[in-house]
Amino acid sequence: MTKSASQDEMLALLDWFQAMGADVAVDETSRDWLSRGPIPPGANYAWPGRDDVAHVPAASPATRQSPHPSRQEGVLRPRATTPLGASEAETGARRIARDVSSLEGLEAALQAFDGCGLKSTATKLCFYRGAPQADLMIIGEAPGRDEDLAGKPFVGRAGRLLDKMLGAIGLGEANVHITNIVYWRPPGNRTPTPQEALACRPFLERQIELVAPKILIAVGGAAAKELFGVTEGIMRLRGKWREVTVGDRTIAAMATLHPAYLLRTPAAKQLAWQDLLQIRSKL
Ligand code: URA
């Protein structure tokens, strides 16, 4: 015999959901994600180049001018297939990103991309905020709750501090391009896994090529590790210029402290200020 839950039990369950990071309702009706069986998110996605995939031909240069390039550019038709490993997801993403020739096309390709598991729990794609082409490109870790709802990176508390930091060296949305190493919010704001970052990486590299910045800034340890391919902590990485090669361009890059960390640790703002001054003089 089943006993219905009391109000206290329901509230305790709600508290537990919140503690686990489920802090937003994404649908009016609840879904039993386990009922679909052992099929992981992204399993029903087929990749270009695989034998079992049907392609829509890539766009001609003329049709690439369309405001909806994804409808022409390397569009894929999903078909049931076997689950993908991280490197297969990256290879597929690279094939898609390579054929995209504009930021609008890249956004549409990301909207159609099911190779990163984060998409299945996120509300919105968070592509970028700021100028489409900019000398300075800021790369953060991942969208949080506010970003997930707004569909834009760095719009919450940390984002407001980031804007103030940029404003202090005379920069704003008109001359900075802001994005993250993954384009969807990780559940409970956890750090993205290496597999999730790898699946998004080809899109990020194409984004860097299209934005064509003079300087790349990784904010926070996760973004710095992913961008530079290193394992050191942020305190060792920050404030030092290095070079990142994307396509045929080598770009000056630096890591700095994440504004969310600065909100928790105001004493570290002096280090971030030193980094900002270096960025200003490099620009
Ligand atoms: N933190 C990040 O790293 N990125 C965002 O977009 C928001 C918060």
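Residues numbered from 1 in each chain as written. Predicted model: local features only at pLDDT ≥ 70, side-chain atom pairs only at ≥ 80, totals over all residues. Heavy atoms only, no water.

Trainee: Any chance you could break down the site of the ligand for me, citing the residues and the numbers?
Mentor: Taken together, the residues surrounding the ligand are Gly140, Glu141, Ala142, Pro143, Glu147, Pro153, Phe154, Asn180 and His258. Within the contact set of the ligand, an oxygen atom lies 2.8 Å away from a backbone nitrogen or oxygen of Glu141. At a separation of 2.8 Å, an oxygen atom of the ligand approaches a polar side-chain atom of His258. At a threshold of 2 Å from the grid points, most atoms of the ligand map onto the second largest pocket. (Near = heavy atom within 4 Å. Polar contact = N/O pair within 3.5 Å; in protein donor to acceptor, adjacent residues only side chain to side chain. 1 Å grid on protein atoms, 1.4 Å probe; cavity = no way out; pocket = protein on both sides within 12 Å on 5 of 7 lines; lining within 4 Å. Sits in = over half its atoms within 2 Å of the grid points.)

Trainee: Can you tell me about the pairing of strand β8 (residues 249-256), naming the residues and giving the values?
Mentor: The element β8 is extensively covered by neighbouring structure, given that six of its eight residues are classed as buried. Bridge count between strand β6 (residues 215-219) and β8: five bridges; the pairing is parallel. Looking across to β8, one finds that Leu216 is bridged to Ala253. Two elements, strand β7 (residues 242-246) and β8, share five bridges in a ladder whose sense is antiparallel. Each residue of the ladder has a partner; that of Val246, found in β8, is Arg249. Linking β7 to β8, which pair antiparallel, is a turn of two residues; within it Gly247 sits at a positive phi near 60 degrees. (Buried < 20%, exposed > 50% of the residue type's maximum accessible area, 1.4 Å probe, protein only. Helix = DSSP H or I, 4+ residues; strand = E, 2+ residues; numbered from the N terminus. Pairing = 2+ DSSP bridges.)

Trainee: Mind laying out the sheet that holds β6, listing which residues take part and the relevant values?
Mentor: Reading across from one edge, β3-β5-β4-β6-β8-β7 is the order of the six strands in this open sheet, with mixed pairing throughout. The open sheet is flanked by β3 (129-130) and β7, the only strands paired with a single partner. Judged from the five bridges that link them, strand β4 (residues 136-140) and strand β5 (residues 176-180) form a sheet pairing that is parallel. Looking at the pairing, Met137 lines up with His177 of β5. The strands that helix α6 (residues 194-211) touches are β4, β5, β6, β7 and β8; relative to β4, the one it contacts most, it runs at about 160 degrees. (Contact = heavy atoms within 4.5 Å. Axes fitted to C-alpha atoms, helices over the stretch in contact; angles between N-to-C directions.)

Trainee: Residues and numbers for the packing of helix α3 (residues 103-112) against α6, please.
Mentor: Relative to each other, α3 and α6 sit at 165 degrees, their axes nearing to 10 Å. The angle between α3 and α6 falls in the class roughly antiparallel. For α3 against α6, the interelement crossing comes out left-handed. Contacts from Leu103, Leu106, Ala109 and Leu110 in α3 reach Phe203, Arg206, Gln207, Leu210 and Val211 in α6. (Parallel < 35°, antiparallel > 145°, perpendicular 65-115°, else oblique. Left-handed = near helix turned anticlockwise from the far one by under 90°.)

Trainee: How would you summarise the pattern of salt bridges if you had to cite specific residues and measurements?
Mentor: Within this structure, the stated rule accounts for 11 salt bridges. The partner of Glu205 in a salt bridge is Arg201, and the shortest N-O contact between them spans 2.7 Å. Of the two residues, Glu205 and Arg201 both sit in helix α6, four residues apart, roughly one turn of that helix. By relative accessible area, which is 19% here, Glu205 ends up buried. (Salt bridge = Lys/Arg side-chain N within 4 Å of Asp/Glu carboxyl O.)

Trainee: Requested: an account of the packing of helix α2 (residues 86-98) against α6, with residues and values cited.
Mentor: As a packed pair, α2 and α6 sit with axes 8 Å apart at the nearest point and diverge in direction by 15 degrees. As judged from the angle between their axes, α2 and α6 are roughly parallel. For α2 against α6, the interelement crossing comes out right-handed. Where α2 approaches α6, its residues Ala86, Ser87, Ala89, Glu90, Ala93, Arg94, Ile96, Ala97 and Arg98 are matched on the opposing element by Gln195, Leu198, Ala199, Arg201, Pro202, Phe203, Glu205 and Arg206. Taken together, the residues that form the contact of α2 with α6 break down as nine nonpolar, two polar and six charged. (Nonpolar A, V, L, I, M, F, W, Y, C, P; charged D, E, K, R; others polar.)

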